[in-house]
Amino acid sequence: MKPFFKKISIPIFASFLAFPVYADTIKVGFPVPLTGEYAPYAEIQGAKCMAEIINNKGGVNGKKFELLVQDTGTDTQTAISLTEKFLDQGVVAIGTIPFSDTMIPVAQIAAGYGVTILQAQSTQVEMHTGIVDNFISNVSPDPFTAAAAAEYALSEGVKNVVLLTSDDGGSWSAKTPLWFGEVIENGGGKVLSKMNFSIPTSDWSPQIAEMKKLSSSPDAVYISSIMPDVGVLVRQMKAAGIDAWVFGSDGLDDPSLDSVADSDKSILDKVAFGTLAPSQPGSAMQEFQAECKALGMPVDGMFPALGADVIMALAYAVEKTGGTDPVAIREALRSADSIPVRTVESVSFKNNKSHAERTVPVIGFKNGVRVLLSNAIPRFVPNWK
Amino acid sequence: MIDYVVQQSLNALSFGAEYALIALGLAIVFSIMGLVNFAHGEVIAIGGYCMMVMAAIAFRNPIVIIIGAIFASVIMAVFLERIAFRPVRYADATTGLLTAFGVSLILQNLFLLLVSPRPIAVTSMYFLDWPIKLGSIRISSLQIFETVATLLAILFLVLFLKRSFLGIAMRAASLDFEMVRLMGIRANRVIATAFAISGLLAGIAAIFIIARRGAVDPTLGFNPVLKAFVACVVGGFGSLTGAVLGGFLLGALEVGMLVILPQSYGGMKDAFVFAVIAIILVWRPEGILSPQKEKGDKI
Amino acid sequence: MLIVNDLSVFYGKIKVVHNINFTIEEGSCVALLGPNGAGKTSTISSILGTVNSTGTVNFCNQDISKIQTEDRIKLGISIAPEGRRVFSNLSVFENLYLGSAIRKDRAIADNEIENWFNIFPILKERKDQSAGTLSGGEQQMLTIARALMGNPKILLLDEPSLGLAPMITKQVFELIETLKTKGITILLVEQNATEALKLADYSYILNSGNIVAHGNRSEILKKGDLMSSLTGVEN
């Protein structure tokens, strides 16, 4: 008898292992950059906090969220290996390093499983050229933030602009300024000059000397770069006596920009940026951050906060389809007229399929405090596809 | 037009001063140990993070913050020598290089995990930076401070290496480490001094970098150190004056290319800078002021 | 003054000196002779603590075999190493200055540098010149002067005549003779056994890491064939 029992008990144990207790959860895979160059853009903090909030309320249709998070160290090959691991564990969607050289191969692997790459913060235009079908971004691509900033600039009477471009950040830093310029010219303004810079740059004096040399002084400068570099630009322009707006992209959306006004409250009065979600005091995002802090899960800055939207969109789709089939979930996301999210009221993927239609906020400062200058879907967006 | 040229030349000088200051820190360690200390950037970053911490616990006195930051960098440099570089002191150069890269990577990720991957504002050094008008030319006080500090640093180092007992022992150690021990001189002390000096230079660099950037992030020092490394190679690795010369040359090249190249070639700026450097290295493969054939005199 | 007991030296697992014993009396000049590779320099290195060794080294009634190299130097052991090893990138003066590193009485040490300059006018002439520009003989003089700057109790001279012209070799041995008359204890390692035997009060012959003979000059010379094959000294 004894050997017989032995034989039969092993498969029974094995089958228990194969169906762990979490079988009935909504699994989301996050092979993300927790360390390395792109660590600032990981959406994990917000995603985790939103999952916690939903789970605390009993989950979706009784199913709780289970986030599978592992660090890629900003390495594409690691992201691919982790994606394969998470796919085997039955995830319904994946969020990864928000740059096309990772997102494309990851999407190609996930396609075989019907799983969607649902990216919280990806604005790269390269992802919307039809190279993969199973990619959805929760935000609008860069031409939209550029257009929103330009529309606000035109409304402030800006005519002559200088564009700072750099190849170091791909289309984000090279082309976004050109899209801004296109909208300005479409609105009757003029691009005075285009100048180069590198990422990172901690001293803008050569570019500023060039601005001073221009025959007419610019009303605005546009740059799509990172902090603290742009903060240095703002200060050095002020010191050089150039009274022009500094417009920028989501790269400026970092709390360290606010600190530039520490000693001079007015220095940010003519600084504004088109970004991905309103972040001024009283915004939905700040409320979300406060809620998370109370839960003991702090969310630092906009990029992490955007993770909340992804989880809410998935929650919506799971509720709609009544299950966790990844293909059905993607279809549900793309057919909805409006999906409620956290950082803005709602998003829709119906018209664009691969990126969200959502309002694009322009954030500025008054007395060193963030204010929402505008928040709309831009009327004129340059042809970017 | 002449104003514009003068203005850009002054800008180039201040770019160069920063590279030179950091390059000196690399060169002093390399000249004694033959170690390219890529972790020098993180020694700079520690200075920055120290300022962040001091601002957070409400230290307002700028002198205290400056001294604190320099002190933190010196301690960090000596600490890294003790735990990371001493064990591989007699290993070959590649081992040292890889150790330095490893230490650099570990520290960057520690900053990232323990503090934040994002930049944290540190505005306590803003007071060092104010505009100065000379006719139609505008410069920043920071440009003057940084250039003067670099020149003082090289002067101090040359005097130290020529005149002080430890300085002479350091030069001797660069040639024959064991023989210095056989003079009854504590070799560990000599090397720790070299690291302490590199930490001092890193601390000073950290103050200028923070005064300009107003924020600290994990790669605060890594990127400038890569530039400083190039400066050392061009100037002649191991030569202190070479490091300074290389730093100023690189600053001039960068600003020059930025100004001269048309915008459509902007992405090629670094390519052009490195092309010029390649030509210099063809002319002088060991760098402009390469030390004599043996790892000889540093001055 | 220096008692070496059961000393073995290892390079990795290879044993190059096999359980040797010897003694140096205060004020005496002892020579360690033997062919290339006999283990002479290894023996010196183990006294200095720069190689792995077993056994004990007793210096001035103190076991120094476990202490750091720098501390041994501070106790009064000084070395003029094989190949001279002057700091060629330093000036002559700086070389001597480092030689006096362990001295507490800075003023006296500076005075001594002056004295050395009087003994070697050529060093004084070149005091600000880098040591690398000196001739081989001058470098050897500098090495010995540097070793003496620490005011040592015992001076280890490793192959002082190596690679020098016969004229210069003669000068070097004259210098050693002078040091000897001044009462400095000397351990002289030499391949030039003929000259060394003349100088030394007592000699040990090393071969393949073993002491194969010892005694004063006449005793050594009596060993005949063995000696001539090992040291090249003709009877």
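This structure is a prediction, so every number in the text was calculated from the model and none was measured. (Residues numbered from 1 in each chain as written. Chains lettered and ligands numbered in written order. Predicted model: local features only at pLDDT ≥ 70, side-chain atom pairs only at ≥ 80, totals over all residues.)

Trainee: Could you clarify how one ought to interpret the overall build of chain C in this entry?
Mentor: When helices and strands are tallied, chain C shows 10 helices and 10 strands. The C-alpha atoms of chain C give a radius of gyration of 17 Å, which matches the 18 Å a tight globule of 235 residues would have. Over its C-alpha atoms, taken along the principal directions, chain C stretches across nearly 50 × 40 × 30 Å. For chain C, the residues scored as buried account for 44% of the 235 residues in total. Within chain C, contacts between residues separated by at least 24 positions form 65% of all contacts whose residues are at least 6 apart in sequence. (Helix = DSSP H or I, 4+ residues; strand = E, 2+ residues; numbered from the N terminus. Rg over C-alpha atoms; globule rule 2.2 N^0.38 Å. Buried ≥ 20, exposed ≤ 12 C-beta atoms within 10 Å, placed from the backbone. Contact = placed C-beta atoms within 7 Å.)

Trainee: Whenever I open this one, the overall build of chain B confuses me. Can you help?
Mentor: Broken down by element type, chain B carries 11 helices and four strands. Here the C-alpha atoms of chain B give a radius of gyration of 19 Å, agreeing with the 19 Å that 2.2 N^0.38 yields for 299 residues. Across its three principal axes, chain B shows a C-alpha extent of roughly 60 × 50 × 35 Å. Looking at chain B alone, contacts between residues at least 24 apart form 77% of all its contacts between residues at least 6 apart.

Trainee: Looking at this structure, how should I read the sheet that holds strand β2 (residues 14–24) of chain C?
Mentor: Strand pairing within a sheet occurs via backbone hydrogen bonds; the two strands may be parallel or antiparallel. All names here are of chain C. Strand order in the open sheet formed by four strands is β2-β1-β4-β5, and the pairing between neighbours is antiparallel. Looking along the sheet, the strands with just one partner apiece sit at the ends: β2 and β5 (62–63). Of the strand pairs in this sheet, strand β1 (residues 2–11) and strand β4 (residues 52–59) are connected by seven bridges, and their pairing is antiparallel. When the bridges of β4 are listed, Asn-5 appears paired with Thr-56. Across the sheet, helix α1 (residues 40–48) is in contact with β1, β2 and β4; its angle to β1 comes to roughly 110°. (Pairing = 2+ DSSP bridges. Axes fitted to C-alpha atoms, helices over the stretch in contact; angles between N-to-C directions.)

Trainee: Teacher, can you tell me more about the environment of Lys-385 of chain A here?
Mentor: Residue and element names in this part refer to chain A. Mapped onto the secondary structure, Lys-385 falls in the segment after β14 (369–376). Measuring from C-alpha to C-alpha, the distance between Lys-385 and Gly-130 comes to 9.8 Å, with 255 residues separating the pair along the chain. Each residue touching Lys-385, except ones within four places of it in the same chain, is listed here: His-128 and Thr-129.

Trainee: Is there a simple way to think about the interface of chain C and chain B in this case?
Mentor: Where the parts come together, the accessible area they lose is often given as the size of the interface. Counting residues at the interface gives 20 residues for chain C, matched by 17 residues for chain B. Mapped by element, the contributors of at least two residues to the side of chain C that touches chain B are α2 (69–75) and α3 (92–99) of chain C. For the side of chain C that touches chain B, the class distribution of residues is 10 nonpolar, six polar and four charged. (Nonpolar A, V, L, I, M, F, W, Y, C, P; charged D, E, K, R; others polar.)

Trainee: Where do I start with the interface of chain B and chain A in this structure?
Mentor: Counting from both sides, the interface comprises 33 residues of chain B and, opposite them, 30 residues of chain A. At the level of secondary structure, the elements contributing two or more residues to the side of chain B that touches chain A comprise α1 (2–33), α4 (93–114), β1 (120–121), β3 (137–140), α8 (187–213) and α10 (240–260) of chain B. Per element, the largest residue contribution to the side of chain B that touches chain A is six residues, and it comes from α1 of chain B. Classifying every residue of the side of chain B that touches chain A by side-chain character gives 15 nonpolar, 13 polar and five charged.

Trainee: For this particular structure, what's the right way to read the nonpolar core?
Mentor: The tendency in soluble globular proteins is for nonpolar side chains to be buried as a group. Core analysis: the biggest nonpolar cluster contains 287 residues, and Ala-149, Ile-311, Ala-313 and Leu-314 of chain A together with Ala-23, Leu-24 and Leu-26 of chain B have the highest contact counts within it. Two domains each donate at least three residues to this core, and these are domain 1 (22–140 + 282–347) and domain 2 (142–275 + 360–376) of chain A. Not counting chain neighbours up to four residues away, the residues in contact with Ala-23 of chain B comprise Ala-228, Ala-231, Cys-232, Ala-243, Val-244, Gly-246 and Gly-247 of chain B. (Core = buried A, V, L, I, M, F, W, Y, C linked by C-beta atoms within 7 Å. Domains from an automatic or database assignment.)

Trainee: Explanation requested: the arrangement of the chains in the structure shown.
Mentor: Sorting the two pairs of chains in contact by contact count puts chains A and B at the top. When C-alpha atoms are compared, chain A and chain C, though not in contact, are closest at a spacing of 39 Å.

Trainee: Explain the sheet that holds strand β4 (residues 116–119) of chain A here, please?
Mentor: Residues and elements named next belong to chain A. Pairing within the open sheet is parallel, and its five strands lie in the order β2-β1-β3-β4-β5. Only two strands of the sheet have a single partner each, and these edge strands are β2 (64–71) and β5 (135–137). Where β4 meets β5, three bridges bridge the pair, whose relative direction is parallel. In the strand pairing of β5, Gln-119 is matched with Ser-137. Its contacts with the sheet place helix α4 (residues 100–111) against β3 (93–94), β4 and β5, and it is angled at close to 145° to β4.

Trainee: What's the story with the pairing of β2 of chain A in this structure? I'm lost.
Mentor: Working note: regular strand, side chains alternate between the two faces of the sheet. Residue and element names in this part refer to chain A. The pairing of strand β1 (residues 25–32) with β2 spans eight bridges and is classified as parallel. Pairing of Val-32 across the sheet is with Asp-71, part of β2. Of the crossover connections in this fold, the one passing from β1 over helix α2 (residues 44–56) to the parallel β2 is right-handed. (Right-handed = clockwise from strand over helix to strand, strands pointing away.)

Trainee: Looking at this structure, I do not really get helix α2 (residues 40–56) of chain B. What am I missing?
Mentor: Because an α-helix completes one turn every 3.6 residues, residues spaced three or four positions apart along the sequence face the same direction. Residue and element names in this part refer to chain B. An ideal rise of 1.5 Å per residue puts 24 Å on 17 residues; α2 measures up with 25 Å between its terminal C-alpha atoms. With 13 of 17 residues buried, α2 is to be regarded as a mostly interior element. Directly beyond the C-terminal end of α2, a positive phi value near 65° is found at Ala-58. (Expected span 1.5 Å × (residues − 1).)

Trainee: I would appreciate a short explanation of the packing of helix α5 (residues 141–163) of chain B against α8 of chain B in the present structure.
Mentor: Angle between the axes and distance between the axes: these two values describe a pair of packed helices. All names here are of chain B. Between α5 and α8, the least distance of the axes is 11 Å, while the angle of their chain directions is 170°. When the axis of α5 is compared with that of α8, the two are roughly antiparallel. Within the contact between the two elements, α5 uses Leu-142, Phe-145, Glu-146, Ala-149 and Ala-153 and α8 uses Leu-201, Ile-204, Phe-208, Ala-211 and Arg-212. (Parallel < 35°, antiparallel > 145°, perpendicular 65-115°, else oblique.)

Trainee: Whenever I open this one, unusual backbone geometry confuses me. Can you help?
Mentor: Omega for the bond connecting Ile-199 of chain A with Pro-200 of chain A falls within 30 degrees of zero, at 0°, which places this linkage in the cis form. The topology assignment puts Pro-200 of chain A in the loop between β7 (190–196) and α8 (205–213). The backbone phi angle of Asn-61 of chain C is positive, close to 65°, even though this residue is not glycine. For Asn-61 of chain C, a count of 7 C-beta atoms within 10 Å puts it in the exposed group. Even without being a glycine, Arg-84 of chain C presents a positive backbone phi close to 70°. Looking at the element boundaries, Arg-84 of chain C is found in the loop between β6 (77–80) and α3. When the 26 C-beta atoms within 10 Å are taken as the criterion, Arg-84 of chain C is described as buried.

Trainee: Quick question: what am I supposed to make of the environment of Gly-199 of chain B here?
Mentor: Residues and elements named next belong to chain B. In this structure, Gly-199 sits in helix α8. Among the residues examined, Gly-199 registers 29 C-beta atoms within 10 Å and is labelled buried. Sequence separation of Gly-199 and Val-78 is 121 residues, and the distance between their C-alpha atoms is 7.5 Å. When near neighbours in sequence (up to four residues on either side) are disregarded, Gly-199 contacts Val-43, Ser-73, Val-74, Met-76, Ala-77 and Val-78.

Trainee: Can you walk me through α5 of chain B in this structure?
Mentor: Residue and element names in this part refer to chain B. Under the 1.5 Å per step criterion, the end-to-end length of α5 is 32 Å for 23 residues, consistent within 8% with the ideal 33 Å. Taken residue by residue, α5 has Leu-142, Gln-143, Glu-146, Thr-147, Thr-150, Ala-153, Leu-157 and Leu-161 as its buried positions. Packed against the buried residues of α5 are α1, β3, α6 (165–175), α8 and α10.

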